[in-house]
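# Observations on the three-dimensional arrangement
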Amino acid sequence: MSVIDAAYATVHDYPGGANALAPRFVTRAGGSMSPAVLCSKVDQKKDSHHLTLVEADKLMSFTGDLRILHALARSQGHVCVRLERDVEVSDMAVLELVALVWQGQGDVGEALHEMLADGRITSSEMDHFRVVVHQAETRLHQLVQRVDAMREPD
């Protein structure tokens, strides 16, 4: 999905669509954005309006929909990983995460084995494999974050 397709979907898939979201965007003059302007900003067929980075950030915050972020990362050859907030700092919490990391590696191996079993890889198998790998990567980043939270100051 392209970045503009992700923006379009974010607006139009939100309950109430542009009508619900546009009033939340406050303009420099203190007014709110019209639904028509918001729709134009996410329509790739329109050149008259463009979604700014600040507006894209607000849109993701308002909706909780991160498809724009993921599309931007993917277009640059990257992935996004959610980091936990307010992580529990204890040996047991780290040990639990280590167990999840090991489980994730097994899940990756199992998904790869299933995908290759019939000698061909389908799009849906590849999509599933990407999800499983991303989950494993996320657990690893969470482990780093958790251990870092235990680090003592230099």
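Below is a summary of the structure that appears in this document. Sequence positions are assigned chain by chain, starting from 1 and proceeding in written order. Only residues with pLDDT of 70 or above have their local features reported here, since the model is predicted, and side-chain atom pairs are shown and tallied only from 80 upward, although totals for entire chains, interfaces and linings are computed over all residues. Hydrogens and water are ignored here; the side-chain numbers use all heavy atoms of the structure.

### Some words on the packing of helix α6 (residues 91-116) against helix α7 (residues 123-150)
All axes here are fitted lines through C-alpha atoms, helices being fitted over the stretch that makes contact, and every angle between N-to-C directions spans 0 to 180 degrees. Helix and strand definitions follow DSSP, with helices as H or I runs of at least four residues and strands as E runs of at least two, each counted in order from the N terminus. Between α6 and α7, whose axes approach to 9 Å, the crossing angle comes to 160 degrees. It follows from the interaxial angle that α6 and α7 lie roughly antiparallel. The crossing of α6 and α7 is left-handed. Residues that form the contact of α6 with α7 fall into these classes: 19 nonpolar, five polar and six charged. Note that the term roughly parallel is reserved for angles under 35 degrees, roughly antiparallel for angles over 145, roughly perpendicular for angles of 65 to 115, and oblique for everything else. A clockwise turn of the near helix away from the far one marks a right-handed crossing, whereas an anticlockwise turn of less than a right angle marks a left-handed crossing. Under the scheme applied, nonpolar residues are Ala, Val, Leu, Ile, Met, Phe, Trp, Tyr, Cys and Pro; charged residues are Asp, Glu, Lys and Arg; polar residues are all the others, including Gly.

### Some points on the side chain of Ser40
One can find Ser40 in helix α3 (residues 35-41). Partly exposed residues are those whose accessible area sits between 20% and 50% of the maximum for their type, while under 20% is buried and over 50% is exposed, using a 1.4 Å probe and protein chains only. With relative accessibility at 10%, the residue Ser40 sits in the buried group. What Ser40 contacts, discounting residues up to four positions off in sequence, is Lys46 and His49. Here a residue-residue contact requires only that any non-hydrogen atoms of the pair lie within 4.5 Å.

### Quick look at the packing of helix α1 (residues 3-13) against helix α5 (residues 67-75)
At a minimum axis distance of 8 Å, the contact between α1 and α5 shows a crossing angle of 170 degrees. In terms of axis orientation, α1 runs roughly antiparallel to α5. Contacts between α1 and α5 pair Val3, Ala6, Ala7, Ala9, Thr10 and Asp13 from the former with Arg67, Ile68, Ala71 and Leu72 from the latter. Residue composition of the contact of α1 with α5, by class: seven nonpolar, one polar and two charged.

### Describing the nonpolar core
If you look at the biggest cluster of nonpolar residues, it comprises 15 residues, and the most contacted ones within it are Val11, Leu21, Phe25, Leu38, Leu59 and Ile68. Mapped by element, the contributors of at least two residues to this core are α1, α2 (17-21), α4 (53-63) and α5. Aside from chain neighbours lying at most four places away, what touches Leu38 is Val11, Ala18, Leu21, Ala22, Phe25, Met33 and Leu51. Of all hydrophobic cores here, the second largest spans six residues; its members include Val108, Ala111, Phe129 and Val132. To qualify as a nonpolar core, a set must consist of buried Ala, Val, Leu, Ile, Met, Phe, Trp, Tyr and Cys residues joined through side-chain atoms within 4.5 Å.

### Points about the pattern of salt bridges
Put simply, a salt bridge is a Lys or Arg side-chain nitrogen that is within 4 Å of an Asp or Glu carboxyl oxygen. Following the criterion strictly, the structure yields six salt bridges and no others. In this structure, the salt-bridge partner of Arg130 is Asp127, at a minimum N-O distance of 3.8 Å. One end of the pair is Arg130 and the other is Asp127, both in helix α7 and three residues apart, which spans about a single turn. Among the charged side chains, a network of salt bridges with common partners joins Asp13, Asp65 and Arg67.

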